[in-house]
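Structural description and commentary
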Amino acid sequence: SKGNHRHYMLKEIYEQPIVVAQTLRSYLKRMEDQVTLPIPDFDLGAIKRVTIVACGTSFYAGMVAKYWFEQFARVPVDLDVASEFRYRAPVMEPGGLMIVISQSGETADTLAALRHAKAEGQKIAAVVNVPTSSMAREADLLLPSHAGPEIGVASTKAFTCQLAVLAALAANLARAKGLLTPAQEKEIVRHLAEAPAALNGALAYDEKIAEMAHLIASARDVLYLGRGTDYPLALEGALKLKEISYIHAEGYAAGEMKHGPIALIDDQVPVIVIAPSGPLFEKTVSNMQEVQARGGKVVLISDYDGIQAAGEGCMATITMPKVHPLIAPLVYAVPVQLLAYHVAVAKGTDVDQPRNLAKSVTVE
Ligand code: M6R
């Protein structure tokens, strides 16, 4: 049931601190400060290349994970949407691991990619939310995201739980490759363990986001910008807004604006900038200022320090708790979900059952 919530989507957004904690509990040994994964029947340390394949929101979780696998495990990562993967003659050499990511575990495009890679001799790891699904059964290594049933067509809690699993997998892969000292592993575990409280902190901004929804609800087009792991979040924000509010939205890498899309900017196009303070902050802010110089109306999502440094001149700001960059994608997913949700509610659309969409896409 929806409990006290008006929609399943809102209920599922609010469940995130609990279900992420639940997911982390099965992947972190808090006492020993270690990540712990189900033991695969192959050697993780011998993996030479990772191929991540998924669709929609699950694909964006995979895009975040690519940054982590490369950063921590120094393993080359190939990433593709499942519907394209099979049709581009992908090179799959021995020692390759394919990671499929799927809430339902039944998405036809992703399942077809899994079968294709398996036939090509790849090992398969599946991050799925339905443990009885086809992908779960066909994988060599099953990594469940323990989000519980997700009813809203717009994926929310499945995304943050997928990220929790993928972060643990990245650390595990790094350890298997001998690239992680116990002290570094302990740090990663400590940061991940902070995610549930930070997600709670992010939810505390719900009411303010609801109050600013009208600023977006009247727009015809909206842009989302981010850098690094906030780039996939920009794409995810745009997808959420499109699918439930029917407003045209695009996500861009912040630095890519000047190569074309900035031509779209005028005072009618709100630009959502996702920029936690940290190493990429300055660069993103300078891209944001290019937008503002052309009359663009910016909503800046950052932490207190970031808002202090760059919030002036923005149409609105959203303040997140200050978090380690590793868990920022989980935490910043919340305002992006809430913004889409409240805009859709303001527009009066069917939030849980948007037009033309199904929860599980079982045709290719
Ligand atoms: O069940 P899956 O995770 O494989 O589904 C993939 C996409 O169909 C799904 O994420 C879709 O994009 C959502 N409606 C996004 O909110």
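- With an unreviewed UniProt entry as reference, the protein is termed Glutamine--fructose-6-phosphate aminotransferase [isomerizing], source organism Sphingomonas immobilis.
- Under the Subcellular location (unreviewed entry) heading, UniProt states for the protein: "Cytoplasm".
- Under Function (unreviewed entry), UniProt gives the following word-for-word description of the protein: "Catalyzes the first step in hexosamine metabolism, converting fructose-6P into glucosamine-6P using glutamine as a nitrogen source."

1. So, the side chain of D80
- Secondary-structure assignment places D80 in strand β4 (residues 77-81).
- Under the relative-accessibility criterion, D80 is labelled buried at 12%.
- Of note is the side chain of D80, whose polar atom sits 2.3 Å from the side chain of R88.
- When near neighbours in sequence (up to four residues on either side) are disregarded, D80 contacts I52, V53, A54, F59, F85 and R88.

2. Remarks on the pattern of salt bridges
- Under the defined criterion, the tally for this structure stands at 18 salt bridges.
- Between E243 and K240 there is a salt bridge; the shortest N-O distance is 3.9 Å. You can see E243 and its partner K240 sitting in helix α11 (residues 230-245), 3 residues apart, about one turn around the helix.
- In this structure, a network of salt bridges that share partners links the residues K11, E15 and K157.

3. Here we look at the sheet that holds strand β9 (residues 248-253)
- The 5 strands lie next to each other as β9-β8-β10-β11-β12, forming an open sheet whose pairing is parallel. Of all the strands in the sheet, the pair left with one neighbour each is β9 and β12 (316-320). Here the strands of the sheet are splayed against their neighbours by 20 degrees on average, with no regard to which way each runs.

4. What about the sheet that holds strand β7 (residues 141-144)?
- The sheet built from 5 strands is open, its strands ordered β4-β3-β5-β6-β7 with parallel pairing. The open sheet terminates on both sides in strands that have one partner only, identified here as β4 and β7. Averaged over all adjacent pairs, the angle separating strand axes in this sheet is 20 degrees, with direction ignored.
- Here strand β3 (residues 49-54) pairs with strand β5 (residues 96-102) via 6 bridges, running parallel.

5. Description of the packing of helix α9 (residues 195-203) against helix α14 (residues 328-347)
- Interhelical geometry of α9 versus α14 gives an angle of 25 degrees and a closest axis separation of 8 Å. It follows from the interaxial angle that α9 and α14 lie roughly parallel. In terms of crossing hand, the pair formed by α9 and α14 is right-handed. Of the residues in α14, those touching α9 at A195, A198, L199, A202 and L203 are L330, V331, V334 and L338.

What counts as what
Residues numbered from 1 in each chain as written. Predicted model: local features only at pLDDT ≥ 70, side-chain atom pairs only at ≥ 80, totals over all residues. Heavy atoms only, no water. UniProt positions renumbered as here; feature names shortened; annotations may be inferred. Helix = DSSP H or I, 4+ residues; strand = E, 2+ residues; numbered from the N terminus. Buried < 20%, exposed > 50% of the residue type's maximum accessible area, 1.4 Å probe, protein only. Polar contact = N/O pair within 3.5 Å; in protein donor to acceptor, adjacent residues only side chain to side chain. Contact = heavy atoms within 4.5 Å. Salt bridge = Lys/Arg side-chain N within 4 Å of Asp/Glu carboxyl O. Pairing = 2+ DSSP bridges. Axes fitted to C-alpha atoms, helices over the stretch in contact; angles between N-to-C directions. Parallel < 35°, antiparallel > 145°, perpendicular 65-115°, else oblique. Left-handed = near helix turned anticlockwise from the far one by under 90°.

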